[in-house]
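Observations on the model geometry
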Amino acid sequence: GPHAAPMADYALGVMLALAHRLPQSVKEQQERVWRTESYHSRIVELGGRTMGLYGLGAIGRAIAKRAASFDMTVYAVDPHPAEVPPYVKACWPPSGLDQLCRAADWLVIAAPYTTETRRTIDRRRIALMKAGAYVVVVSRGGIVDEAALADGLREGRLAGAALDATEVEPLPPTSPLWGVPNVIITPHVSALSPEMYEGRRRIFR
C-alpha cells in the first residue's frame, strides 16, 4: 500500500526525464556547455502516447492514474487484476504480452518477480516493440532480459530506459547497462519516501 504512490511518482518522473533528455542536460550542465541544436525534434511529449503496463496491482494502478492525467492511453497485462480502473483502456491476460509490447511507446514493468514473469520481456519481445520505444522497470529485476535491453538501446531500436531494480543488485560493474546512452539507473530507491516508512509503521501498529 504505502509503496504505490512514491513508486508511481518515480515512474512518471523518469519518463519525463527521458522524454526531455534530462540526463543529457545534466551532463552538459556539468561540462558547462550549451547545445540547443542537439535537442531539436528530440523531445518527446507524453500526451497521445501509449503506456503498456506489465502488472496492474496497487503500484500499476497508481502509475496508470498518473499516466492518464498526461493524456496517455494505458493498456495492461495482469493475470488476476483486483480491479481495472476506467483510465485503463484494456487489461489482457499474460497471453496478451506480445500485444502489449507491440502497442507500447512506454513499457513499464510493475509486475512481481515469479517463475511466470521471469525474463518474459526477452529478446524476442523487445524486438516486437516500436522503434523509439522506452522501457521503465520499477518493481523487480529479472523480468526484463538486461543484455537484450542493452543491445536494443545500443543499436538505437529503443530510445531509452530507466531501471530502479535489476536482476542482480547491486548492478555489477560488468553489466552492459552501464554506460549505455539515455539510460537512468537508480539503486532500488523509488519507494523510499518518509510517507512510505510512516505507512509501514501504521500497518505494523
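**What about the pairing of strand E1 (residues 50-54)?**
- Of all five residues in E1, five are buried; the element is thus mostly enclosed.
- Strand direction decides the pairing type here: E1 and strand E2 (residues 73-77), joined by five bridges, are parallel. Residue pairing for E2: Met-51 is matched across the bridge by Val-74.
- Considered for its hand, the β-α-β crossover made up of E1, helix H3 (residues 58-69) and E2 is right-handed.

**Focus on the environment of Ala-150**
- Within the secondary structure layout, Ala-150 lies in helix H6 (residues 146-154).
- The class of Ala-150 is buried, set by a relative accessible area of 0%.
- The spacing of Ala-150 and Pro-181 is 31 residues in sequence and 9.5 Å in space, taken between C-alpha atoms.

**As for the packing of helix H1 (residues 4-19) against H3**
- In the contact formed by H1 and H3, the axes pass within 8 Å of each other and the chain directions differ by 45 degrees. Classified by the interaxial angle, the pair formed by H1 and H3 is oblique. Where H1 crosses over H3, the handedness of that crossing is right-handed. Residue-level contacts link Ala-4, Ala-5, Met-7, Ala-8, Asp-9, Ala-11 and Leu-12 of H1 to Ala-58, Ile-59, Ala-62, Ile-63, Arg-66 and Ala-67 of H3.
- Per-class residue counts for the contact of H1 with H3 are eleven nonpolar, no polar and two charged.

**Focus: the sheet that holds strand E7 (residues 183-185)**
- Taken in spatial order, the seven strands make up an open sheet running E3-E2-E1-E4-E5-E6-E7, and their pairing is parallel. Of all strands in the sheet, those with a lone pairing partner are strand E3 (90-92) and E7, marking the two edges. Strand-to-strand twist of the sheet, defined as the mean angle between neighbouring strand axes without regard to direction, takes the value 15 degrees.
- Relative to E7, strand E6 (residues 158-163) is paired through three bridges, and the arrangement is parallel. The partner of Ala-161 across the bridge, within E7, is Val-183.
- Its contacts with the sheet place H1 against E1, strand E4 (106-109), strand E5 (133-137), E6 and E7, and it is angled at close to 145 degrees to E6.

**Brief notes about the packing of aromatic side chains**
- Within this structure, the stated rule accounts for two aromatic pairs.
- Ring centres of Tyr-75 and Trp-92 lie 5.1 Å apart, and the angle between their planes is 15 degrees; this geometry places the pair in the stacked category. One end of the pair, Tyr-75, is in strand E2; the other, Trp-92, is in strand E3, and 17 residues separate them in sequence. The same class applies to Tyr-75 and to Trp-92, which are both buried.
- For the pair Trp-106 and Tyr-134, a centre-to-centre distance of 3.9 Å together with 10 degrees between the ring planes defines the contact as stacked. Within this pair, whereas Trp-106 is found in strand E4, its partner Tyr-134 is found in strand E5, the two being separated by 28 residues in sequence.

**Let's talk about a nonpolar patch on the surface**
- Together, Val-189, Leu-192 and Tyr-197 give the surface a local cluster of nonpolar side chains, amounting to about 240 Å² of exposed area.
- Mapped onto the fold, Leu-192 is located in the loop between E7 and helix H7 (194-204).

**Observations concerning unusual backbone geometry**
- The omega torsion of the bond from Glu-169 to Pro-170 falls at -5 degrees, within 30 degrees of zero and hence cis.
- Positive phi values are uncommon outside glycine, yet Arg-119 reaches one of about 50 degrees.
- With respect to the element layout, Arg-119 can be found in the loop between E4 and helix H5 (123-128).
- One non-glycine residue, Asn-182, lies in the positive phi region at around 60 degrees.

**Re empty space enclosed by the protein**
- A full pass over the atoms with the stated rule returns one cavity of 30 Å³ or more.
- In this model, the largest cavity occupies a volume close to 30 Å³.
- Lining the largest cavity are Val-137, Arg-140, Gly-141, Gly-142, Ile-143, Val-144, Glu-146, Leu-163 and Ala-165.
- Residues of the lining of the largest cavity, tallied by class, amount to five nonpolar, two polar and two charged.

Rules used in this analysis
- Residues numbered from 1 in each chain as written.
- Predicted model: local features only at pLDDT ≥ 70, side-chain atom pairs only at ≥ 80, totals over all residues.
- Heavy atoms only, no water.
- Buried < 20%, exposed > 50% of the residue type's maximum accessible area, 1.4 Å probe, protein only.
- Helix = DSSP H or I, 4+ residues; strand = E, 2+ residues; numbered from the N terminus.
- Pairing = 2+ DSSP bridges.
- Right-handed = clockwise from strand over helix to strand, strands pointing away.
- Axes fitted to C-alpha atoms, helices over the stretch in contact; angles between N-to-C directions.
- Parallel < 35°, antiparallel > 145°, perpendicular 65-115°, else oblique.
- Left-handed = near helix turned anticlockwise from the far one by under 90°.
- Contact = heavy atoms within 4.5 Å.
- Nonpolar A, V, L, I, M, F, W, Y, C, P; charged D, E, K, R; others polar.
- Phe/Tyr/Trp six-rings, centres within 6.5 Å; stacked < 30°, edge-to-face > 60°.
- Patch = residues over 30% accessible without salt bridge, like charges linked within 9 Å, V, L, I, M, F, W, Y side chains within 5 Å.
- Areas by Shrake-Rupley, 256 points an atom, 1.4 Å probe, with all protein chains shown as cover.
- Salt bridge = Lys/Arg side-chain N within 4 Å of Asp/Glu carboxyl O.
- 1 Å grid on protein atoms, 1.4 Å probe; cavity = no way out; pocket = protein on both sides within 12 Å on 5 of 7 lines; lining within 4 Å.
- Points joined across faces, edges and corners; volume = space filled by probe spheres on them.

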